[in-house]
Amino acid sequence: MDLQAVRTFVAAAEAGQFQKAAADLSITQQAVSKRIAALEHDLGVRLFTRAPRGAELTIDGQAFLPHARELLRVAERAGASVRPGHRPLRVDVIASRSAQSNLMRGFHRAHPEIDLDVLMLFDIETAVTAIRSGEIDASFRAVAAPGRPLPGDIASVRVLDEPLQLLTGPAHALAGARSVTVAQLAGHRIWMPGIAPGTEWGAYYDDLVPEFRLTIEVTGPNFGSDALLDTIADTPALATFMGEHTRLIWPTDHGLRRIPVTDPTPVYPHSLLWHRDNPHPALATLRTYLAATTAGQDAAAGTWAPSWVIPR
C-alpha cells in the first residue's frame, strides 16, 4: 500500500477539502485527486463523496481512517528505529561482569538520556562482522592478535589496560600472599577453561605463557564462572587469572583470595572498535566519555605487545 496515498487520504479527511489538503501537503489538488483515486482502486471501495462544501468520508472511508492513521504511526516508528540518534546505541561487551560492562554502566549513569542495547558476542571476528553489517555500533575487544590486523574500515582506540590478578582457594600455596610476582607463578597450575582457540583472548594467553613461563591449563568443559569458582575453592593445586575490574560473587565459605600480580603486572588491553563511517551521534559521546574516564591509558591500539605489562 502506498504510504504517500494513505498520508494524502488522512490529510484530506482531516481538512474536509482536497484543495486545503493539497496546500497542507504542498502538492497540487490534481495530485491529491490522483493519489486518492489510486488508493480507492487498491482498496476496491469509495473513500470520499464529493459535496458542495468539499469531500465527505463514505462509510468505508470512516472505517479506514483510524487504520490509516495507525499505518502512518507505525511507519514513523519503523523509520525512527533505525534513524541515527533515535535508535539505541548497540554496544558489544565480552561478559556482563567484565571491565567493559563496568565501563558501559558508568557511561549509562553519566548519560541516562542515551538509549543503549548491550550485547555479548563471542569473539572479535563475530564482532567485526557485526560492526561492518551495522548490527552493532561498537565493540570492546583486545586488538589485534599478531598477524590478524583489523580491516581498514574499522577504527579502534585503546581504552583500558586491566591488570590481571591471581584467584586462589584458601588452601592454595599462595593464598596467604598479599601479592605475587610473575616469577613466583612458575610451576603453579593456572586453570582457565574459558580460553577458546582462535579467539583474541586465546591469542593473548598464547603469548603470555612463553613470555613468563606460565602453566595455563584449559582442560575440561567450560561450565561458566560459578563452576570455575567452585573448583578453585575446592582444589588447592589450581588457581586462575581474573581481571582486576571483573565483578564476581561467590559464597563466603569459598574463602577465595584475589591476589595482585607484580614485577611486572600483566594487563589485558581493552579497545573500542567501531566503523569509521558510523553516523550515530551517541557513538561520539561514548568515545569522549571513555577518553575522559580512562585518561592515562596507552591509546595506541593495534597489538598488545610490548605494552601489555606495567611495572608494579
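This report concerns the structure included in the present document. None of these values were measured; they are calculated from a predicted model.

Our next topic: the pattern of salt bridges. Close approach of charged atoms allows side chains with opposite charge to pair. Summed over the entire model, instances satisfying the criterion amount to 9 salt bridges. With a shortest N-O distance of 3.4 Å, Arg 69 and Glu 14 are connected by a salt bridge. Of the two residues, Arg 69 sits in helix H4 (residues 59-82) while Glu 14 sits in helix H1 (residues 3-15), which places them 55 residues apart along the sequence. Overlapping salt bridges, with partners in common, bring together Asp 92, Arg 141 and Glu 200 in one network.

By size, the foremost hydrophobic cluster in this structure holds 22 residues, and its most contacted members are Leu 166, Leu 185, Tyr 205, Leu 208 and Phe 241. Those elements that provide at least two residues to this core are strand S6 (154-168), helix H7 (200-212), strand S10 (238-243) and strand S11 (257-262). A per-element tally of this core places H7 first, with 5 residues. Those residues in contact with Phe 241 that lie beyond four places of it in its chain are Leu 164, Gln 165, Leu 166, Leu 185, Ile 190, Met 192, Tyr 205, Leu 208, Leu 214, Ile 216 and Val 261. Val 93, Leu 160, Leu 283 and Leu 286 belong to the second largest nonpolar core, which has 20 residues in total.

All right, on to helix H9 (residues 281-293) then. Owing to its 3.6 residues per turn, the α-helix brings residues three or four apart onto one side. Counted at 1.5 Å a residue, the expected span for H9 with its 13 residues is 18 Å, and the 19 Å between its end C-alpha atoms agrees. Of the surrounding secondary structure, the elements contacted by the buried residues of H9 are strand S3 (89-92), helix H5 (99-110), strand S5 (138-141), S6 and strand S12 (265-275).

It is worth spelling out the layout of surface pockets at this point. The volume enclosed by the largest pocket comes to roughly 960 Å³. In terms of lining, the largest pocket is formed by 29 residues, of which the most central are Ile 94, Ala 95, Met 192, Gly 194 and Thr 246. Of all the secondary structure elements, the ones that give two or more residues to the lining of the largest pocket are H5, S6, H7, helix H8 (225-234), S10 and S12. Looking at which element gives the most residues to the lining of the largest pocket, the answer is S10, with 4 residues. For the lining of the largest pocket, a count of residues per class yields 16 nonpolar, 11 polar and 2 charged.

We now examine the side chain of His 280. On the secondary structure map, His 280 appears in the loop between S12 and H9. On the basis of relative accessible area, His 280 is assigned to the buried category, the value being 5%.

This part takes up the packing of aromatic side chains. Within the structure shown, the criterion is met by 8 aromatic pairs. Between the aromatic rings of Phe 122 and Trp 201, the centroid separation amounts to 5.7 Å while the plane-to-plane angle is 80°, which identifies the pairing as edge-to-face. With Phe 122 in the loop between strand S4 (116-119) and helix H6 (124-133) and Trp 201 in helix H7, the pair connects residues that are 79 residues apart, well separated along the chain. The buried category is assigned to Trp 201, whose relative accessible area is 13%. For the ring pair Tyr 204 and Tyr 268, a centre distance of 4.8 Å and an interplane angle of 70° mean the geometry is edge-to-face. Taken together, the positions of Tyr 204 in helix H7 and Tyr 268 in strand S12 put the pair 64 residues apart, joining distant regions of the chain. With respect to burial, Tyr 204 and Tyr 268 carry one shared label: buried. Here a set of aromatic residues connected by ring pairs shows up, and it is made of Phe 9, Phe 18, Phe 48 and Phe 64.

Cut-off values and rules
Residues numbered from 1 in each chain as written. Predicted model: local features only at pLDDT ≥ 70, side-chain atom pairs only at ≥ 80, totals over all residues. Heavy atoms only, no water. Salt bridge = Lys/Arg side-chain N within 4 Å of Asp/Glu carboxyl O. Helix = DSSP H or I, 4+ residues; strand = E, 2+ residues; numbered from the N terminus. Core = buried A, V, L, I, M, F, W, Y, C linked by side-chain atoms within 4.5 Å. Buried < 20%, exposed > 50% of the residue type's maximum accessible area, 1.4 Å probe, protein only. Contact = heavy atoms within 4.5 Å. Expected span 1.5 Å × (residues − 1). 1 Å grid on protein atoms, 1.4 Å probe; cavity = no way out; pocket = protein on both sides within 12 Å on 5 of 7 lines; lining within 4 Å. Points joined across faces, edges and corners; volume = space filled by probe spheres on them. Nonpolar A, V, L, I, M, F, W, Y, C, P; charged D, E, K, R; others polar. Phe/Tyr/Trp six-rings, centres within 6.5 Å; stacked < 30°, edge-to-face > 60°.

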